[in-house]
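As a plain string of letters, each chain reads:
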Amino acid sequence: MLENIVGHAADVLKSKSAWLFISDLDQISFRCEICFGENGGIVDRTLPFGVGVVGEIANNAPGLIINDYSERPTTGKFFEPENINALMGVPVLCEGKLRGVLLVGRESEETPYTPSEMELLELFAGQVGTALESEILLDDERYRRDVLEAIHRASLQLTSSLELQPVLDAILNQALALIEADDAHIFLFEGERLSFGSARWSDERKTEPFSEPREGGITYTVALTGERIVSSDVDQHPLFKDWQWGGAIASFPLRIGDQVVGVMNIAFEEPHLFDDGELRVLELFAVQAAIALQNARKFQESERRLAELSALQQVAKVILSRLEMQALLDEIVNQVWQVLGYEIVEIYLVEGHILRLRAAHGSGVEPDHTMELSTGIIGRVARTNTPAFVLDVSQDPDYVVGFPRSRSEIVVPLSKGDIVIGAINVESPEVGGLDEADLRLLILLADQILVAIENATLYDRLRKHSSDLEQTVQDRTAELATALEQARSAGRIKTQFVADVSHELRTPLANIRLYLELLNFGNPARAQEYLDTLTRETDRLVSLIEDLLAISRFDTGTSMPKFQAENLNLIAQGLIEDRQRLLAERSLEVEIEIDDDLPDVRMDEKMITQAVSHILTNAMQYTRPGGVITITTDTRKSDGGDWALLTIIDTGIGIPPEEQGRVFERFYRGKASRLLSVPGTGLGLAITKEILDRHSGRVTLESEADSGSRFSIWLPIDTSVSN
Ligand code: ADP
């Protein structure tokens, strides 16, 4: 029988080897009684009590798991199984006293042992203990062999099945056969109530089978007192009311520790005197039945835990793979609903003093619903950082109706240390629809959720950081590209400038040299003509150099306007007067429209004259003979202020749209300058713009190719000046 139990233990626990060590009654040594699988050579080996791994396990209740067994240093003594990586062992108790050690081992490639597997091994150790007890219990040689065999058969069932019903049936069958009784029952006792466990009866039995124990009857009394009742003739027994028929009964409590978990009845239709031997054997079967009940409970419990754990694992695996926060929260709710099977699931996250619903299933509460931290069961959980398990919500003073059909509720905080970041809420439409196991599961899950949320937060932050970084890199790259382009075009402009300036300087200089020579060697009658040309060319040189100096003074900041109240009308009129002769020479007509009410404005008169002069010069140069140049002055309201305007309109060749934005750039010369071979450096309008900038004014341009241009300078009317 022991061999059978050990073999089953190895099978059920998927272990390569299993060993059973039994100690002598005086606890001096352990002997290897059974060895399953490899390492068979150690059967019958004796070890001193308390040494090595066997000794270690003997001292450790419930037992030990050593998953790195192969890495333990060897001592070369006693018990050291080879090729075993993981070892698990539990003590074997007999009548509460240590009588042995049951071990299982796995080879290196296999998986490590888990605590729930240890619970299973304990069940097998319990059976070994019972088998050993039966040896002690049975000193009557007459029964010894039969009883051992009957118990063996019952325990075969006990070891091959971890389900309750077939085990109880087998125990009763064996007991009936052995004692030759007519009727046998097992009732389960839980919460002060007896319920049906198993019933067997002999083929010869004549009367109706016994169905339900009555309160105050023999079976209930045994269950409540924990004391067995034996009656050879129930008709004579004061508590007898369970049967319709007479006969004899032996009723045994089934105990786990101090607790009665059931009752076993063995009955005869006729009066029967139970002898000592029979009672001892029945006692033994009662022990077996109690163990079966305990095993079944533990098994169900560990089954459920295993199922819970694997569901939990599945949920954790899915949610840990989600990194985006909202998707993660939705997935958690979805998994908790689908895999763990809760009808109503909600996740709230703390935001300052409120809780916000971030994901939900089945509750019908609006998404994004918020509530104060100070209210409701969820608020209490978040405030106190303690889970709430409410069997009946109507009994909880903090309950606020969310889902009307809700009856029981579990809320678990999502917290790291003292900091609560939210809560997971699960509700059931039944009172008591949730139990301790659900609470345990949700507490475990809360840890996983927290890790997943932390990951997602980190990921969000990283993603934001990297997109910020990307943006910064993009911005910087664009800035650099612009700077580079500017530097390049500055370089090009400079080169062009040097070329332009040298050209512009060379032409008048060459002319000056030529006419100086003509003065010396040419026709003396034309001396005046030569002198006039010399003067014109010298003037051109002077004006070019002045432009260059003006620009360089703006750049060095040495040219600051000296403001005075002046009138644009005077400037316009002065310039026209100066240019009268030139205009006539070029056959250009000039029109002037002056606003007589134009107020004075603050300006540096010399600078503004220079600015207008550049525009006027251009108008004259870029308009063909016969054209008209119009000069107007007026006032305008714009950008919330009053402005004085001077406008010069020509009927010249105009400026194409693509050039209009560039004509104010330094050294920029448009198509027109080449078309009409106008001398110049491209500085005129740049200087005009610099001057207007220094007056908080502006210069604007409207033009259409072929129909002329219209340049205006705008100066702000300062009321203190105009009054
Ligand atoms: P420059 O006249 O020395 O070339 P400006 O800065 O005065 O330099 O003018 C820049 C360019 O603007 C000129 O080269 C010309 O192409 C264009 N431009 C300026 N004024 C006029 C105008 N009234 N009509 C046509 N084109 C003009």
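Along every chain, residues carry numbers that run from 1 in the direction the sequence is written. The model is predicted, so local features are restricted to residues of pLDDT at least 70 and side-chain atom pairs to those at 80 or more, both for listing and for counting; the totals for chains, interfaces and linings are taken over all residues. Excluding hydrogens and water, the side-chain figures rest on all heavy atoms present in the structure.

With respect to the layout of surface pockets
Throughout, the protein atoms alone are placed on a 1 Å grid, and a set of points is a cavity if a 1.4 Å probe fits but cannot get out or a pocket if it is open with protein on both sides within 12 Å along at least five of seven lines; lining residues have an atom within 4 Å of a point. Grid points are joined across faces, edges and corners, and a volume is the space filled by probe spheres set on the points. As a volume, the second largest pocket reaches approximately 700 Å³. Together, 29 residues line the second largest pocket, and Leu93, Gly126, Glu133, Ile291 and Gln294 are the ones closest to its centre. The way it works is that DSSP assigns letters per residue, a run of H or I at least four long becomes a helix, a run of E at least two long becomes a strand, and they are numbered from the N terminus. When contributions to the lining of the second largest pocket are tallied by element, the ones reaching two or more residues are β5 (86-94), α3 (115-137), β10 (248-256) and α7 (276-320). Looking at which element gives the most residues to the lining of the second largest pocket, the answer is α7, with eight residues. When its residues are assigned to classes, the lining of the second largest pocket shows 16 nonpolar, seven polar and six charged. Throughout this entry, Asp, Glu, Lys and Arg are counted as charged residues, while Ala, Val, Leu, Ile, Met, Phe, Trp, Tyr, Cys and Pro are counted as nonpolar. The remaining residues, Gly among them, count as polar.

Some points on the environment of Glu427
Mapped onto the elements of the fold, Glu427 is located in strand β17 (residues 419-428). Separated by 24 residues in the primary sequence, Glu427 and Val451 place their C-alpha atoms 23 Å from one another. Any pair of residues with heavy atoms lying within 4.5 Å of one another is described as a contacting pair. Beyond its immediate sequence surroundings of up to four residues, Glu427 is in contact with Glu343, Ile344, Glu346, Tyr399, Phe403, Ser406, Ser408, Glu409 and Leu434. Polar contact criterion, stated in full: a pair of N or O atoms within 3.5 Å, where within protein one must be able to donate a hydrogen and the other to accept it, and residues adjacent in sequence count only if both atoms are side-chain atoms. Here the side chain of Glu427 touches Ser406 through a polar contact of 2.6 Å, side chain to side chain. Side-chain polar atoms of Glu427 contact the side chain of Asn425, separated by 2.7 Å.

Looking at the pairing of strand β23 (residues 698-704)
Think of it in three bands: residues with accessible area under 20% of the maximum for their type are buried, residues over 50% are exposed, and the middle band is partly exposed, with areas taken using a 1.4 Å probe on protein chains only. By the alternation rule, side chains of β23 split into Val699, Leu701 and Ser703, which are all buried, and Arg698, Thr700, Glu702 and Glu704, of which none is buried. Judged from the seven bridges that link them, β23 and strand β24 (residues 708-716) form a sheet pairing that is antiparallel. Bridge pairing in β24 places Leu701 opposite Phe711. By the convention used here, strands pair only if DSSP detects at least 2 bridges between them. Taking the residues that link successive antiparallel strands as the turn, the β23-β24 hairpin has three residues, and the phi of Asp706 there is positive, at about 75°.

Thoughts on the packing of helix α11 (residues 527-556) against helix α16 (residues 684-693)
The contact between α11 and α16 brings their axes to 10 Å, and the two run at 35°. Relative to α16, the crossing made by α11 is left-handed. Of the residues in α16, those in contact with Asp547, Ala550, Ile551 and Phe554 of α11 are Ala686, Ile687, Glu690 and Ile691. The residue inventory of the contact of α11 with α16, partitioned by class, reads six nonpolar, no polar and two charged. Axis angles are defined between N-to-C directions and span 0 to 180 degrees, where every axis is a line fitted to C-alpha atoms and, for a helix, only to the segment in contact. Definitions for this section: a left-handed crossing has its near helix turned counterclockwise from the far helix by less than a right angle. A right-handed crossing has that turn clockwise.

Here's the deal with the pattern of salt bridges
Any Lys or Arg side-chain nitrogen found within 4 Å of a carboxyl oxygen on Asp or Glu counts as a salt bridge. In this structure the tally under the stated criterion is 25 salt bridges. Notably, a salt bridge pairs Glu215 with Arg193, separated by 3.0 Å at the nearest N-O pair. With Glu215 in the loop between β8 (193-201) and α6 (218-225) and Arg193 in strand β8, this pair connects stretches of sequence that are 22 residues apart. Taking relative accessible area as the criterion, Glu215 reaches 55% and is therefore assigned exposed. On the basis of relative accessibility, which here comes to 44%, the residue Arg193 falls in the partly exposed class. Linked by salt bridges that have partners in common, Arg380, Asp396 and Asp398 make up one network.

Notes on the packing of aromatic side chains
Aromatic ring pairs are reported here in terms of the distance separating the ring centres and the angle at which the planes meet. For Phe, Tyr and Trp, where Trp contributes only its six-membered ring, two rings pair if their centres lie within 6.5 Å, and the inter-plane angle classes them as stacked under 30 degrees, edge-to-face over 60, or tilted in between. Scanning all chains against the criterion turns up five aromatic pairs. Summarising the aromatic geometry, the rings of Phe30 and Phe49 are spaced 4.7 Å apart at their centres and angled 10° between planes, so their arrangement reads as stacked. Placement of the pair is Phe30 in strand β2 (residues 29-36) and Phe49 in the loop between β3 (46-48) and α2 (52-58), with a sequence separation of 19 residues. Residue Phe30 is classed as buried on the basis of its relative accessible area, which comes to 0%. Its relative accessible area of 25% is what places Phe49 among the partly exposed residues. Consider the rings of Trp643 and Trp714, whose centres lie 6.0 Å apart with planes at 80°: the pair is edge-to-face. With Trp643 in strand β22 (residues 641-650) and Trp714 in strand β24, the pair connects residues that are 71 residues apart, well separated along the chain. For Trp643, a relative accessible area of 10% gives the class buried. Each ring is checked for a lysine NZ or an arginine CZ that lies within 6 Å of its centre and within 35 degrees of its normal; such an atom marks a charge sitting over the ring. When the ring centre of Phe563 is taken as origin, the NZ or CZ atom of Arg602, which lies over that ring, is 4.5 Å away. Directly above the aromatic system of Trp643 lies the positively charged group of Arg698, at a separation of 4.6 Å from the ring centroid.

Remember that the coordinates give geometry; whether it matters functionally is a separate question.
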